[in-house]
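So the chains spell out like this:
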Amino acid sequence: MTTMEEERDVSSDELSEEKYDPVEEIQRVIQSIVQFGEYRRTQRKESHNLVRRFKLMLPLWEELRDLPQPFPEIGVTWLSKVKDVLLFAKDLLKLCSQGSKIHLALETEVVMITFQKVYDKLSQAFGDVPCDEMGISDEVKEQLELMHVQLKRARRRTDTQDIELAMDMMVVFSDNDDRNADSAIIERLAKKLELHSVEDLNIETLAIRNLAAERKGQQAESTQKIIYLLNKFKRIAGMEETGILDDPAAPKMLERCTSLVIPHEFLCPITLEIMTDPVIVTSGQTYERESIKKWFQSNHNTCPKTRQPLEHLSLAPNRALKSLIEEWCENNNFKLPKKYNSSGPESCPIDSKEEIPALVESLSSIHLEEQRKAVEKIRMLSKENPENRVLVAEHGGIPPLVQLLSYPDSKIQEHAVTALLNLSIDEGNKSLISTEGAIPAIIEVLENGSCVAKENSAAALFSLSMLDEIKEIVGQSNGYPPLVDLLRNGTIRGKKDAVTALFNLSINHANKGRAIRAGIVTPLLQLLKDRNLGMIDEALSILLLLVSNSEARQEIGQLSFIETLVEFMREGSPKNKECAASVLLELCSSNSSFTLAALQFGVYEYLMEIKQNGTNRAQRKANAILDLISRSEQI
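Throughout, residues of each chain are indexed from 1 in the direction in which the sequence is written. Under the rules for a predicted model, residues below a pLDDT of 70 receive no local features and side-chain atom pairs below 80 are neither given nor counted, while totals for whole chains, interfaces and linings still include all residues. Side-chain figures throughout are based on the complete set of non-hydrogen atoms in the structure, without hydrogens or water.

Where an unreviewed UniProt entry is consulted, the protein chain appears under the name RING-type E3 ubiquitin transferase, with the organism given as Glycine max. UniProt positions are given in the numbering used here, feature names are shortened, and annotations may be inferred rather than shown by experiment. For the record of the protein chain, the UniProt heading Function (unreviewed entry) holds the text "Functions as an E3 ubiquitin ligase." In its Pathway (unreviewed entry) section, the UniProt entry covering the protein chain states "Protein modification; protein ubiquitination."

The following block contains the structure:
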């Protein structure tokens, strides 16, 4: 037996030596990479770019296969090196295709650095091709050299886009009270990350469970953040929130669809839990009443399972299925979970549909009290659920609300701007609000309104400026001075509303100069000094956006500010150090005198510490500054 195994091993090795084709092996790796499905939105552009480059390589490998074989040892070593890089890239692309969307959004910078590593490794590999030893023709050599040049030119996307996503996450995970602006960001993030359907959220839940299993209890804080945001998305979609890790029943919940214990048809497609009150929608699918009602209340008019539009949102009890479930439970001694029956009439959506047209009409009433009651009611209804936001817009509520912004009654003004803030949560309403000329009116309220009206005006500008064209409109409409004033003199809530709006607006290149001329630098520096406000990262993120502007560098580049940056790099949080290093790098790249000033304040020591222990992004920035210092010393 042993002899036969040994003989088989020997002949197998000989066979593999005869048939092993390293070029064919590389082609198989590339073809397997090309077979990956859709990529997560946060890394989609980079993933498609990388896959496109691999596709361009395929004809090249076809030509390399025609070379005389066996390859010399140096050629085999080179091909093995290329294969290792491709396998490294394959793991990265698999993560971007199948990993947790929330995790990939939180770790955007780390993932982007990994993409850069792939390009660096590929560039190095294609720069060391043993062309002469392998007998590569001049024509193929030219193709290899062209591929090398293209890989060297490959660049990661700009920091601005990464910071914008980081700012969204920062706002969501802040300790602010649960206000409308936060809800707007959560809904926008759900759409941006494509986590708004039941199916997507169930897949994301499984991806997060796999991530937690891989981490084996490490990075617990990051994992809890991911679960926290997942549950916020589930709440929007009308799904039950789960602890996933803490709740021992949670893992089973997602496996019940294939369970041999509970029949599949007894489970609600939304929650994957056994139904106690099954109802039928017009597509013929059955759901738990409470779950499908939450789905409808979250501005959906489709069937969650089939994704088909529903003719109407009426629900019909599935008495036959309910009877079967009860019979099965009795026969199997299975206790149904207790749920409170919402046996009362489904009055809220119906009342809203009937009430909103009359309320919109009352907005134009000649009676002040009637107007005040109508605008206050619309403010409340537009806060309660997404369907009401659509209904108000469909019944022509936006134009009279914009007109009321200029009304002398401060309470009506406050209700009107808050109602528009609520309505702006719906993506389709943003353009409608802007088209009606709301931006200058909102800015006027921001200048002259009550304290609450000013705060909600800033939040409204933040929500509306998610559209790039509105960023420009706000800047042209002189929106910066009142936002900067709110940042300087507002309440803590007002400062936070102002700083998020100012960050979003300053992504627009033309707005950077406007921000400087409005005097934004002084209050931002004040935020850095007052650490109790907890807005250091936000202030540094805005300064990083502005520092690319020459006018801004003149304002920012003061010795006291350089000293402040160095202080954060010495004793700040990991995120503080990362942001401070990013700003300092931009300053030092533009003017060597900033580098010398930073050295006077002892930055070298802190850069070395960040290089060893900082976040991945901070380490990269620290290395870049150290390179600048080294070059300046050589000069």
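Participant: Can you lay out the overall build of the protein chain for me, pointing to particular residues and giving the numbers?
Facilitator: On a plain count of helices and strands, the protein chain comes out with 35 helices and three strands. Taking all 635 residues of the protein chain together, the buried fraction comes to 51%. Should any heavy atoms of two residues lie within 4.5 Å, those residues are counted as being in contact. Considering only contacts within the protein chain whose residues lie at least 6 apart along the sequence, 68% involve residues at least 24 apart. Per-residue and other accessible areas follow the Shrake-Rupley method at a 1.4 Å probe size, with only the shown protein chains counted as cover for residues. Just so you have it, the protein chain exposes about 30500 Å², and 48% of that area is on carbon and sulfur atoms. Runs of E in the DSSP output that reach at least two residues are strands. Runs of H or I that reach at least four are helices, and both are numbered from the N terminus. Partly exposed residues are those whose accessible area sits between 20% and 50% of the maximum for their type, while under 20% is buried and over 50% is exposed, using a 1.4 Å probe and protein chains only.

Participant: Give a description of helix H28 (residues 521–529) that names residues and reports values.
Facilitator: Since the α-helix turns once every 3.6 residues, residues separated by three or four places project in the same direction. Among the residues making up H28, those that are buried are Val 521, Pro 523, Leu 524, Leu 525, Leu 527 and Leu 528. Elements in contact with the buried residues of H28: helix H25 (480–489), helix H26 (492–506), helix H27 (509–517), helix H29 (536–546), helix H30 (550–556) and helix H31 (559–571).

Participant: Tell me about the pattern of salt bridges, and name the residues and values.
Facilitator: Whenever a carboxyl oxygen of Asp or Glu lies within 4 Å of a side-chain nitrogen of Lys or Arg, that contact is scored as a salt bridge. Following the criterion strictly, the structure yields 19 salt bridges and no others. When the shortest N-O distance is used, the salt bridge between Lys 83 and Glu 25 registers 3.6 Å. With Lys 83 in helix H4 (residues 73–98) and Glu 25 in helix H2 (residues 22–34), this pair connects stretches of sequence that are 58 residues apart. Note that Glu 578 and Arg 617 form a salt bridge whose closest N and O atoms lie 3.3 Å from each other. Of the two residues, Glu 578 is situated in helix H32 (residues 574–590) and Arg 617 in helix H35 (residues 616–634); the sequence distance between them amounts to 39 residues. Each of the two residues, Glu 578 as well as Arg 617, counts as buried. The structure contains a network of salt bridges with shared partners spanning Glu 24, Glu 25, Arg 28 and Lys 83.

Participant: I'd love a proper account of the nonpolar core, names of residues and values included.
Facilitator: Of all hydrophobic cores here, the largest spans 103 residues; its most connected members are Ile 520, Leu 524, Leu 528, Leu 546, Phe 561, Met 569 and Leu 584. Residue contacts for Leu 524: discarding those within four places in its chain leaves Leu 487, Ala 539, Ile 542, Leu 543 and Leu 546. Judged by nonpolar contacts, the second largest core, of 41 residues, contains Ile 33, Phe 71, Val 118 and Val 140. Definition of nonpolar core: a set of buried residues of the types Ala, Val, Leu, Ile, Met, Phe, Trp, Tyr and Cys, connected through side-chain atoms within 4.5 Å.

Participant: Break down the sheet that holds strand S2 (residues 286–288) for me, with residues and values.
Facilitator: Read from one edge of the open sheet, three strands run S2-S1-S3, paired in antiparallel fashion. With one partner strand each, in any of the chains shown, S2 and strand S3 (316–317) form the two edges of the open sheet. Strand pairing is assigned whenever DSSP identifies at least 2 bridges connecting the two strands. Where strand S1 (residues 278–280) meets S2, three bridges bridge the pair, whose relative direction is antiparallel. Across the sheet, residue Val 279 finds its bridge partner in S2, namely Tyr 287. To get an axis, a line is fitted to the C-alpha atoms, and for a helix only the part in contact is used. The angle between two axes follows their N-to-C directions and goes from 0 to 180 degrees. Running at roughly 95° to S2, helix H14 (residues 289–297) makes contact with S1, S2 and S3 of the sheet.

Participant: Requested: an account of the packing of aromatic side chains, with residues and values cited.
Facilitator: Aromatic contacts are taken between Phe, Tyr and Trp rings whose centres are within 6.5 Å, Trp giving its six-membered ring; a plane angle under 30 degrees counts as stacked, one over 60 as edge-to-face, and the others as tilted. Tallied over the entire structure, the rule returns four aromatic pairs. When the ring of Phe 266 is compared with that of Trp 328, the centres are 5.9 Å apart and the planes differ by 75°; the resulting orientation is edge-to-face. Within this pair, whereas Phe 266 is found in the loop between helix H13 (250–255) and S1, its partner Trp 328 is found in helix H15 (residues 319–331), the two being separated by 62 residues in sequence. By relative accessible area, which is 6% here, Phe 266 ends up buried. Among the residues examined, Trp 328 registers a relative accessible area of 14% and is labelled buried. An aromatic cluster is present here, built from Trp 61, Trp 78 and Phe 126 joined pairwise through their rings. Seen from the ring of Phe 88, Lys 121 lies directly overhead, with NZ or CZ sitting 5.6 Å from the centre. In our convention, an over-ring charge means Lys NZ or Arg CZ found within 6 Å of a ring centre and within 35 degrees of that ring's normal.

Participant: Let's hear about H15: which residues, and what values?
Facilitator: The span you would expect from a helix comes to 1.5 Å times its residue count less one. Its 13 residues give H15 an end-to-end C-alpha distance of 18 Å, which sits within 8% of 18 Å, the value for a rise of 1.5 Å per residue. What H15 keeps buried is the set Leu 321, Ile 325, Trp 328 and Cys 329. Around the axis of H15, the buried residues are gathered within 100° of arc, so they sit on the same side. Seen from the open side of H15, the exposed residues pointing more than 90 degrees away from its buried face are Arg 319, Ala 320, Glu 330 and Asn 331. Directions from the helix axis toward the C-beta atoms define the arc.

Participant: Before we move on, could you go through the packing of H31 against helix H34 (residues 603–613) and cite the residues and values that matter?
Facilitator: Direction vectors running N to C along H31 and H34 enclose 40°, while the axes themselves pass 9 Å from each other. Between H31 and H34, the interaxial angle falls into the category oblique. Crossing of H31 over H34 shows left-handed handedness. Contact with H31, carried on its side by Val 566, Met 569 and Arg 570, involves Val 603, Tyr 606, Leu 607 and Ile 610 of H34 and no other residues of that element. Each residue receives one of three labels: charged for Asp, Glu, Lys and Arg, nonpolar for Ala, Val, Leu, Ile, Met, Phe, Trp, Tyr, Cys and Pro, and polar for the others, Gly being one of them. Among the residues making up the contact of H31 with H34, the classes are represented as six nonpolar, no polar and one charged. Convention used here: angles under 35 degrees read as roughly parallel, angles over 145 as roughly antiparallel, angles from 65 to 115 as roughly perpendicular, and any remaining angle as oblique. Handedness of a crossing follows from how the near helix is turned relative to the far one, being left-handed for an anticlockwise turn of less than a right angle and right-handed for a clockwise one.

Participant: Break down unusual backbone geometry for me, with residues and values.
Facilitator: Even without glycine at this site, Glu 194 takes up a positive phi of about 55°. Locating Glu 194 in the fold gives a position in the loop between helix H10 (180–192) and helix H11 (198–215). One non-glycine residue, Asn 478, lies in the positive phi region at around 65°. For Asn 478, the location among the structural elements is in the loop between helix H24 (468–476) and H25.

Participant: Describe the side chain of Ser 362, naming the residues involved and giving the relevant values.
Facilitator: As for its placement among the helices and strands, Ser 362 is situated in helix H16 (residues 347–362). Residue Ser 362 is classed as buried on the basis of its relative accessible area, which comes to 15%. In protein, a polar contact requires one atom able to donate a hydrogen and another able to accept it; more generally it is a pair of N or O atoms within 3.5 Å, and residues adjacent in sequence count only if both atoms are side-chain atoms. One polar contact links Ser 362 to Glu 370, side chain to side chain, over a distance of 3.1 Å. Discounting chain neighbours no more than four positions away, the residues touching Ser 362 are Glu 370, Gln 371 and Ala 374.

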